[in-house]
Amino acid sequence: MGRHEIEYGAKRPLVFEDYDIRNHWRKALYIKIDDYIRGNVRADTLVGYDLAQRCRRIEKVAIEICKSYAPTRNYGIKKAEIRTAIDHIFKLMEAEYHVQSHGDNATIEASALGEAGK
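Residues numbered from 1 in each chain as written. Predicted model: local features only at pLDDT ≥ 70, side-chain atom pairs only at ≥ 80, totals over all residues. Heavy atoms only, no water.

## Things to note about the pattern of salt bridges
All chains considered together, the criterion is met by 14 salt bridges. For R3, the salt bridge goes to E5, with nearest N and O atoms at 3.8 Å. The partly exposed category is assigned to E5, whose relative accessible area is 47%. Connected through salt bridges with shared partners, the residues R3, E5, E17 and K78 form a single ionic network. (Salt bridge = Lys/Arg side-chain N within 4 Å of Asp/Glu carboxyl O. Buried < 20%, exposed > 50% of the residue type's maximum accessible area, 1.4 Å probe, protein only.)

Encoded structure:
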């Protein structure tokens, strides 16, 4: 995927870069991000977001993560990579929500959701 931008109506587009989780420190930070998001973001609200709402929420969480963990200073991880990790976790939460609320019929929906993010 590499680097990409999403225009969503704000002054500047959101920039995303691949988050490589193969490093121990990156994996540890990803787990912290996942824990933070699951403790502060409800999956049922994510499902109803349009692109602009989703991007605003990604940026808000990215700012909170960067203030809490200083990933660039402490791990050398850029904010654009943090956004990618957040978006990935959001997609996982949405898929889990669909499976929980729709049962077996959600397998196809969750698969389609995952494909849409590629």
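## Things to note about the nonpolar core
Counting residues in each nonpolar core, the largest one holds 23 residues, and the members touching the most others are Y19, I33, I37, V61, I82, I86 and F90. When residues of this core are traced back to their parent elements, those giving at least two are β2 (14-16), α1 (24-40), α2 (43-47), α3 (51-69) and α5 (79-102). With 6 residues, α5 is the largest single contributor of residues to this core. Look past the residues within four positions of I86 in its chain and what remains in contact with it is I33, I37, I58, V61 and A62. (Core = buried A, V, L, I, M, F, W, Y, C linked by side-chain atoms within 4.5 Å. Helix = DSSP H or I, 4+ residues; strand = E, 2+ residues; numbered from the N terminus. Contact = heavy atoms within 4.5 Å.)

## A short note on α3
Its 19 residues give α3 an end-to-end C-alpha distance of 26 Å, which sits within 8% of 27 Å, the value for a rise of 1.5 Å per residue. The complete set of buried residues in α3 reads A52, R54, C55, R57, I58, E59, V61, A62 and I65. In the core, the buried residues of α3 are packed alongside β1 (4-6), β2, α1, α4 (71-75) and α5. The opening residue of α3, the one whose side-chain oxygen lies 3.2 Å from the backbone nitrogen of A52, is D50. (Expected span 1.5 Å × (residues − 1). Polar contact = N/O pair within 3.5 Å; in protein donor to acceptor, adjacent residues only side chain to side chain.)

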